[in-house]
Amino acid sequence: FSLGYVMTDEDFNILAGPTDICINPDCEWNSYVSDKILAYPMETIESSPLFPACYEEICKLFADADIAVGFSVSNDVTALRKVCERYKLSPIPYFWFDMEKVCKRANKNRGAHGLAGCVTAWCGQAPENQHRSDGVALATMHLMRAICQDSHIDAEMLITAFPECAGDTIAAQNPQKRAKNAHRGVRKRHRPRHRTKKNT
């Protein structure tokens with residue numbers, strides 16, 4: 001029902017967002033989702049456009065980014081793949097990097113769990129607005145920045161240091177390309193940019 005993002009450059013300067021794209025999932029709601037998870041009034045979500053109307057905007061967001069950084073991204077990757085399949089749209093190609101996996105492998109704060117716990121441990125304060133996707137995206141960016149600052153490295157160096165925490169949807173869709181992309185790093189551009197995102 002929402003895809004939140006914040007676009008930054010390699011120095012974590014915010015270029016766009018944080019922003020939520022609200023989407024009508026066109027589904028039946030159970031009480032747990034509507035009471036515990038939904039961060040917007042039901043009327044807001046039900047009046048939002050269906051995914052196909054947001055597809056081009058979302059594709060452009062991924063195309064404009066070198067890599068999509070999230071926290072526990074497997075559910076997000078699966079959700080995007082399934083919604084594209086549902087509406088018979090082409091899968092969205094992008095590289096992703098999972099900060100949850102990084103936190104589990106880091107030498108510090110291994111006792112922290114979940115995004116809120118990891119952000120609190122690394123940043124010294126709990127994240128704000130963590131019930132909305134754009135809030136989650138911003139918190140993930142703060143977490144990545146804090147880990148980079150603690151290790152005196154930049155975002156690309158962090159991604160290079162933890163290749164097992166990265167992946168791409170291209171290899172997932174086409175296993176023949178998996179070996180070719182296995183050692184591929186962040187795509188180089190004149191002005192490399194990194195984006196944290198969360199979709200639900």
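Right, let's walk through the structure included here. Predicted model, so just to flag it, every value in this text is computed and none were measured.

1. Here's the deal with the overall build of the chain
At step 1: Scanning the chain from terminus to terminus reveals 10 helices and 6 strands.
At step 2: Burial statistics for the chain: of 200 residues in total, 44% are counted as buried.
At step 3: Long-range pairs, those at least 24 residues apart, make up 72% of the contacts in the chain between residues at least 6 apart in sequence.
At step 4: Counting only carbon and sulfur atoms, one obtains 50% of the accessible surface of the chain, whose full area is about 10800 Å².

2. What about the pattern of salt bridges?
At step 1: Tallied over the entire structure, the rule returns 7 salt bridges.
At step 2: For Arg132, the salt bridge is made with Asp20, and the minimal N-O distance between the two is 3.9 Å. Highlighted residues: Arg132 in the loop between helix H6 (114–123) and helix H7 (133–151) and Asp20 in strand E2 (residues 14–22), separated in sequence by 112 residues.
At step 3: By relative accessible area, which is 28% here, Arg132 ends up partly exposed.
At step 4: Shared partners join several salt bridges into a network, and the residues in it are Asp20, Arg132 and Asp134.

3. Quick word on the packing of helix H3 (residues 51–63) against helix H4 (residues 74–86)
At step 1: Where H3 meets H4, the axes come as close as 11 Å, and the angle between the chain directions of the two elements is 135°. What the angle tells us is that H3 and H4 run oblique. In the crossing of H3 with H4, the sense of the turn from one axis to the other is left-handed. Contact residues: H3 offers Phe51, Tyr55 and Phe62, while H4 offers Leu80, Val83 and Cys84.
At step 2: Residue classes in the contact of H3 with H4 are distributed as 6 nonpolar, no polar and no charged.

4. Describing the packing of aromatic side chains
The geometry of an aromatic ring pair is captured by the separation of the ring centres together with the interplanar angle, meaning the angle of the planes.
At step 1: Tallying each qualifying case throughout the model produces 4 aromatic pairs.
At step 2: Judged by centre distance (6.4 Å) and plane angle (20°), the rings of Phe51 and Tyr87 are stacked. A residue pair is termed long-range when its members are at least 10 positions apart, and Phe51 in helix H3 and Tyr87 in the loop between H4 and strand E4 (95–98) qualify at 36 residues.
At step 3: Taking 4.2 Å as the distance between ring centres and 25° as the angle between the ring planes, the aromatic pair formed by Phe62 and Tyr94 counts as stacked.

5. Some remarks on the nonpolar core
At step 1: Formed by 30 residues in total, the largest nonpolar core has its most connected members in Phe97, Met99, Val102, Leu143, Met144, Ile147 and Leu158.
At step 2: The greatest single-element share of this core, amounting to 9 residues, is contributed by H7.
At step 3: Filtering out sequence-adjacent residues up to four positions away, Leu143 remains in contact with Phe71, Met99, Cys103, Leu115, Cys118, Val119, Trp122 and Cys123.
At step 4: Listed in part, the 20 residues of the second largest apolar core include Ile23, Phe51, Ile58 and Val73.

6. Topic: the side chain of Ser48
At step 1: On the secondary structure map, Ser48 appears in the loop between helix H2 (42–46) and H3.
At step 2: Dropping the residues within four chain positions of it, Ser48 is found in contact with Cys22, Ile23 and Asn24.

What counts, and where the lines are drawn
Starting from 1, residues in each chain are numbered consecutively following that chain's sequence as written. In keeping with the model being predicted, local features are shown solely for residues with a pLDDT of at least 70 and side-chain atom pairs are shown and tallied solely at 80 or more, while totals for entire chains, interfaces and linings include all residues. Water and hydrogen atoms play no part in the side-chain values, which are based on all heavy atoms of the structure. By the criteria applied, helices consist of DSSP H or I runs no shorter than four residues and strands consist of E runs no shorter than two, each listed in order from the N terminus. With a 1.4 Å probe rolled over the protein chains alone, any residue whose accessible area is under 20% of its type maximum counts as buried; one over 50% counts as exposed, and the rest are partly exposed. In this description, contact between two residues means that some pair of their heavy atoms is separated by no more than 4.5 Å. Computed with a 1.4 Å probe, the accessible areas rest on the Shrake-Rupley method; for each residue, only the protein chains presented here act as cover. For this analysis, a salt bridge means a side-chain nitrogen from Lys or Arg found within 4 Å of a carboxyl oxygen belonging to Asp or Glu. Geometry is summarised by axes, namely lines fitted to C-alpha atoms with helices restricted to the contacting stretch, and by angles between N-to-C directions that run from 0 to 180 degrees. Roughly parallel covers angles under 35 degrees, roughly antiparallel covers those over 145, roughly perpendicular covers 65 to 115, and oblique covers all other angles. Left-handed describes a crossing in which the near helix is turned anticlockwise from the far one by less than a right angle; the clockwise case is right-handed. Each residue gets one of three labels, nonpolar for Ala, Val, Leu, Ile, Met, Phe, Trp, Tyr, Cys and Pro, charged for Asp, Glu, Lys and Arg, and polar for the others, Gly among them. Pairing of aromatic side chains requires ring centres within 6.5 Å, counting the rings of Phe and Tyr and the six-membered ring of Trp. Pairs whose planes differ by under 30 degrees are stacked, by over 60 edge-to-face, and all others tilted. We call a set of buried Ala, Val, Leu, Ile, Met, Phe, Trp, Tyr and Cys residues a nonpolar core when their side-chain atoms join them within 4.5 Å.

Function cannot be inferred from these measures alone, as they are strictly geometric.
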